[in-house]
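Residues per chain are reported as follows:
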Amino acid sequence: NAGVTQTPKFQVLKTGQSMTLQCAQDMNHEYMSWYRQDPGMGLRLIHYSVGAGITDQGEVPNGYNVSRSTTEDFPLRLLSAAPSQTSVYFCASSYSGGPQYFGPGTRLTVT
Amino acid sequence: AQSVTQLGSHVSVSEGALVLLRCNYSSSVPPYLFWYVQYPNQGLQLLLKYTSAATLVKGINGFEAEFKKSETSFHLTKPSAHMSDAAEYFCAVSPFGQGAQKLVFGQGTRLTINP
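Residues numbered from 1 in each chain as written. Chains lettered and ligands numbered in written order. Predicted model: local features only at pLDDT ≥ 70, side-chain atom pairs only at ≥ 80, totals over all residues. Heavy atoms only, no water.

K.L.:
How would you explain the sheet that holds strand β1 (residues 3-7) of chain B if you had to name every residue and give the values?
P.N.:
Strands pair in a sheet through their backbones, by hydrogen bonds, and they do so in one of two ways: parallel or antiparallel. Residues and elements named next belong to chain B. Pairing is antiparallel across the open sheet formed by five strands, whose spatial order is β1-β3-β8-β7-β6. Each of the sheet's edge strands pairs with one partner strand only, and the pair in question is β1 and β6 (56-58). Strand-to-strand twist across the sheet, computed as the mean angle between neighbouring axes with direction ignored, equals 20 degrees. Here strand β3 (residues 19-26) runs beside strand β8 (residues 73-78); their pairing, made up of four bridges, is antiparallel. (Pairing = 2+ DSSP bridges. Helix = DSSP H or I, 4+ residues; strand = E, 2+ residues; numbered from the N terminus. Axes fitted to C-alpha atoms, helices over the stretch in contact; angles between N-to-C directions.)

What follows is the structure, encoded as structure tokens:
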């Protein structure tokens, strides 16, 4: 199993540009989540999904969209990037009641 | 609402010494509790989890943590530090019954090991 994979590893955007961070898992996990990690703040939940077609907001959802059309994939979209979205983004997945498994992260810089 | 406080953003110990990383939580319902480790430029790896079974939880790499309800604490310990333990450690909480889908993380503690 590849586990949780994320692409790209690094990305630089200009303010106002849009992009999609990709996340895929091959463990048939129902639950998938997106977090952002900022220095001194730990990880904060952006959006999560409890199954295909079902998503919900986390702690910091503004500026981000998600959808879940398949069990395997959970992309995160930035419609109009802002410098405040400069961060490291982690995708995670889990089965019901289980611990989350994290991907390697995407380091995003918005100039 | 749940919250997690990790006491000390940086902890430094000598190789072979005891490692103690502190975590206190607040939760309105019995929680699930987790410790994750993050090595430089990597994702998070689960060290151990508490899910209302035994209060002393053993994890990977010789780490363990004890759930103390009266103190709302879940401190992480390792009897003898190794150079390879240098990393950032995160404590996280999730309400009982919600699995681990909505984790709330502490701010992290960076552990440095001195030779």
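K.L.:
Residues and numbers for the nonpolar core, please.
P.N.:
Counting residues in hydrophobic clusters, the biggest one holds 27 residues, and the most contacted among them are B:Trp35, B:Leu48, B:Phe74, B:Leu76 and B:Tyr89. Elements that contribute at least two residues to this core include exactly β2 (10-14), β3, β4 (31-38), β5 (44-50), β7 (64-68), β8, β9 (87-95) and β11 (109-114) of chain B. Ignoring anything within four residues of it in the chain, the contact list for B:Leu48 reads B:Leu33, B:Phe34, B:Trp35, B:Val57, B:Lys58, B:Gly59, B:Phe63, B:Glu64, B:Ala65, B:Phe74 and B:Leu76. Formed by 19 residues, the second largest nonpolar core is a distinct cluster that contains A:Cys23, A:Trp34, A:Val60 and A:Cys91. (Core = buried A, V, L, I, M, F, W, Y, C linked by side-chain atoms within 4.5 Å. Buried < 20%, exposed > 50% of the residue type's maximum accessible area, 1.4 Å probe, protein only. Contact = heavy atoms within 4.5 Å.)

K.L.:
Hey, could you go over the interface of chain A and chain B for me, with residue numbers and the actual values?
P.N.:
In this complex, chain A contributes 22 residues to the contact, which on the side of chain B involves 19 residues. Between chain A and chain B, the buried area comes to about 1500 Å², and carbon and sulfur atoms account for 56% of it. Looking only at chain A, the three residues that lose the most surface to chain B are A:Leu43, A:Pro99 and A:Phe102, adding up to 29% of its buried area. The tally of links from chain A across to chain B stands at zero salt bridges. The tally of links from chain A across to chain B stands at two residue pairs in polar contact (both at pLDDT 80 or more). Of all elements in the fold, only β4 (31-37), β5 (43-51) and β9 (87-94) of chain A reach the threshold of two or more residues within the side of chain A that touches chain B. Top element by residues in the side of chain A that touches chain B is β4(A). It accounts for four residues. Classifying every residue of the side of chain A that touches chain B gives eleven nonpolar, ten polar and one charged. (Buried area = accessible area lost by both parts, 1.4 Å probe. Salt bridge = Lys/Arg side-chain N within 4 Å of Asp/Glu carboxyl O. Polar contact = N/O pair within 3.5 Å; in protein donor to acceptor, adjacent residues only side chain to side chain. Nonpolar A, V, L, I, M, F, W, Y, C, P; charged D, E, K, R; others polar.)

K.L.:
Give me the pattern of salt bridges: which residues, what numbers.
P.N.:
Inspection of the entire model under this criterion finds five salt bridges over all chains. One salt bridge in this structure joins A:Asp38 and A:Arg36, with 2.9 Å as the shortest N-O distance. We classify A:Asp38 as buried; its relative accessible area is 10%. Of the charged contacts in the structure, one is a salt bridge between B:Asp85 and B:Lys78, with a shortest N-O distance of 2.9 Å. An identical accessibility class is assigned to B:Asp85 and B:Lys78; each is buried.

K.L.:
Describe the sheet that holds strand β7 (residues 64-66) of chain A, and please don't skip the residues or the numbers.
P.N.:
Residue and element names in this part refer to chain A. Taken in spatial order, the four strands line up as β1-β3-β8-β7 in an open sheet, and their pairing is antiparallel. In this open sheet, the two edge strands, each paired with only one partner strand, are β1 (4-7) and β7. Strand-to-strand twist of the sheet, defined as the mean angle between neighbouring strand axes without regard to direction, takes the value 20 degrees. In this structure, strand β3 (residues 19-25) lies alongside strand β8 (residues 76-78), joined through three bridges in antiparallel fashion. Within the sheet, the bridge partner assigned to leucine 21 lies in β8 and is leucine 76.

K.L.:
Give me the lowdown on the pairing of β3(B), citing residues and values where you can.
P.N.:
All names here are of chain B. Only one face of β3 is buried: it carries Val19, Leu21, Cys23 and Tyr25, and the other face, with Leu20, Arg22, Asn24 and Ser26, is open. Both β1 and β3 contribute to a ladder of five bridges, which runs antiparallel. Residue pairing in the sheet places leucine 7 in a bridge with arginine 22 of β3.

K.L.:
Describe the packing of aromatic side chains, listing the residues and the values that go with them.
P.N.:
For any pair of aromatic rings, the description rests on two quantities: the centre-to-centre distance and the angle between the ring planes. As enumerated under the stated definition, the model contains twelve aromatic pairs over all chains in all. Taken together, a centroid distance of 5.7 Å and an interplanar angle of 45 degrees make the contact between A:Tyr35 and A:Phe102 tilted. Remark: A:Phe102 occurs in strand β10 (residues 101-102) and A:Tyr35 occurs in strand β4; sequence separation between them is 67 residues. Relative to B:Tyr36, the ring of A:Phe102 lies with its centre 5.3 Å away and its plane at 80 degrees, an arrangement referred to as edge-to-face. Separated into two different chains, A:Phe102 in strand β10 and B:Tyr36 in strand β4 make up a pair that spans both. (Phe/Tyr/Trp six-rings, centres within 6.5 Å; stacked < 30°, edge-to-face > 60°.)

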